[in-house]
Amino acid sequence: MSKVYEISILGRAVWDLHSLNNEGTVGNVTEPRTVVLADGTKTDGISGEMLKHIHVAKMWELEKNKKNLCEACQVLEPTRIDRVFQKMKKDERKEYTFEKAASKAISECAICDLHGFLVQTPTGARPSTIEFGWALGIPKIYRDIHVHARHALGEKAREKGAGKEAVETTQMLYHRPTRSGMYAIVSLFQPWRIGLNNVNFEYNIEPKERKRRYELALKAYQAMFLRMDGAMTTTRLPHLEDFEGVIVVSNNNFPAPVVSPLNNGYKEKLKGIQSQIDTFEILEFNSISDFVNRINEISGRDIYSIGDSK
Ligand SMILES: [Zn+2]
């Protein structure tokens, strides 16, 4: 069996009545995220930052032994390994070049390794091995604003010692958005870079640990699409109706292509590319359970290392 170089997940998810990502709240009105597509169409979006954050949280949750994470990632601190270096005494920190710092982070932490980090001193960055684009509403997305009222017994009524029968109540109105529709999803995962130091291009962890992190990341993909977390899930937990698409698996050192599922013919386009460049497989999934099966299937495969030949 050939080894997995890169994976792209390209799909369409149908979520009803969610409010996963919002622009912000002005007064008591929460505005949904609006993005503009190439043809000028305005649509709804869930940012890549939000999706990546959810993947990190799922990885953390699925990591049984939190000691496999650095001190910062054990408590889901967003600055990751940088916090560890910031806390070091100056003299101790002097010992580190960024190459050494990256090696420390990669060996100590599955999240720092896979999701990347920035270090202030010694200055440097590790790019993430997992990338997400915006989840984009495929026109048309249905939007609605629901008014949510909170009632409290009014001051005057309370002063008078009135009971429940008192009509004088105060009322706070909140305007909260919900959306329903089909969303295009693009994500890229680069297993060949797991454990690979991006300064000296050496693997800093054993093949067994690289494989373990690969499986953990794939499991986190399953967990996030089975139950999408995000904003306002307390009262607007999304209704997942459907998830279908393709998992593109590159088996050779050729980048896995990413074609947007915004385009109705994205599967055919990928098949067209495949007929010209025979370096990847296209695994279709027609339901959420299909997706779970497909991920399980590739989870059992070995992963590519620099220096491997086909
Ligand atoms: Zn970490």
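Because the structure is a prediction, the values reported are computed rather than measured.

Procedures and definitions
- Residues numbered from 1 in each chain as written.
- Predicted model: local features only at pLDDT ≥ 70, side-chain atom pairs only at ≥ 80, totals over all residues.
- Axes fitted to C-alpha atoms, helices over the stretch in contact; angles between N-to-C directions.
- Helix = DSSP H or I, 4+ residues; strand = E, 2+ residues; numbered from the N terminus.
- Parallel < 35°, antiparallel > 145°, perpendicular 65-115°, else oblique.
- Contact = placed C-beta atoms within 7 Å.
- Nonpolar A, V, L, I, M, F, W, Y, C, P; charged D, E, K, R; others polar.
- Pairing = 2+ DSSP bridges.
- Domains from an automatic or database assignment.
- Left-handed = near helix turned anticlockwise from the far one by under 90°.
- Buried ≥ 20, exposed ≤ 12 C-beta atoms within 10 Å, placed from the backbone.
- Core = buried A, V, L, I, M, F, W, Y, C linked by C-beta atoms within 7 Å.
- Arc of directions from axis to C-beta.

## Digging into the packing of helix α8 (residues 207–226) against helix α11 (residues 288–299)
Then, in step 1: Contact pair α8 / α11: the axes reach a minimum separation of 10 Å and the direction vectors enclose 175 degrees. By the angle between their axes, α8 is roughly antiparallel relative to α11. Here E215, L218, Y221, Q222, F225 and L226 of α8 come into contact with α11, specifically with I288, F291, V292, I295, I298 and S299.
Then, in step 2: Broken down by class, the residue content of the contact of α8 with α11 amounts to 9 nonpolar, 2 polar and 1 charged.

## Overview of the environment of E108
Then, in step 1: Mapped onto the fold, E108 is located in helix α5 (residues 98–108).
Then, in step 2: Along the primary structure E108 and I81 are separated by 27 residues, whereas in three dimensions their C-alpha atoms are 9.3 Å apart.

## Looking at the pairing of strand β12 (residues 239–250)
Then, in step 1: Of the strand pairs in this sheet, strand β1 (residues 6–18) and β12 are connected by 11 bridges, and their pairing is antiparallel. Its bridge partner being in β12, E6 is matched across the sheet by S250.

## Looking at the domain arrangement of the protein chain
Then, in step 1: By the assigned domains, the protein chain splits into domain 1 (6–141 + 181–299) and domain 2 (144–176).
Then, in step 2: Each of domain 1 and domain 2 was reduced to a C-alpha centroid, and the two centroids are 43 Å apart.
Then, in step 3: Taken together, the contacts link 5 residues of domain 1 with 5 residues of domain 2.
Then, in step 4: The class makeup of the residues in the side of domain 1 that touches domain 2 is 2 nonpolar, 3 polar and no charged.

## Structural notes on the packing of helix α1 (residues 48–62) against α8
Then, in step 1: Interhelical geometry of α1 versus α8 gives an angle of 115 degrees and a closest axis separation of 8 Å. α1 and α8 meet at a crossing whose hand is right-handed. Here I54, H55, K58, M59 and L62 of α1 lie close against α8, whose contacting residues are L216, A217, K219, A220, A223 and M224.
Then, in step 2: Of the residues in the contact of α1 with α8, the class split is 8 nonpolar, 1 polar and 2 charged.

## Things to note about the environment of L17
Then, in step 1: Among the structural elements, L17 can be located in strand β1.
Then, in step 2: Residue class for L17 comes out partly exposed when judged on the 14 C-beta atoms lying within 10 Å of it.

## Description of the nonpolar core
Then, in step 1: Counting 68 residues, the largest nonpolar core has I81 and A217 as the members making the most contacts within it.
Then, in step 2: Dropping the residues within four chain positions of it, A217 is found in contact with M59, L114, I130 and F189.

## Quick look at unusual backbone geometry
Then, in step 1: For the bond running from T121 to P122, omega is -5 degrees, close enough to zero to count as cis.
Then, in step 2: Turning to its location among the elements, P122 is positioned in the loop between β6 (117–119) and β7 (124–126).
Then, in step 3: Backbone geometry places R80, a non-glycine residue, at a positive phi of 50 degrees.
Then, in step 4: Tracing the chain through its elements places R80 in the loop between α2 (71–74) and α3 (81–87).
Then, in step 5: Despite not being glycine, F201 has its phi angle at roughly 55 degrees, a positive value.
Then, in step 6: Turning to its location among the elements, F201 is positioned in the loop between β11 (169–189) and α8.

## Comments concerning α5
Then, in step 1: Listed as buried for α5 are A101, A102, A105 and I106. Projection of α5 onto a plane perpendicular to its axis shows the buried side chains occupying an angular sector of 130 degrees, all on one side.

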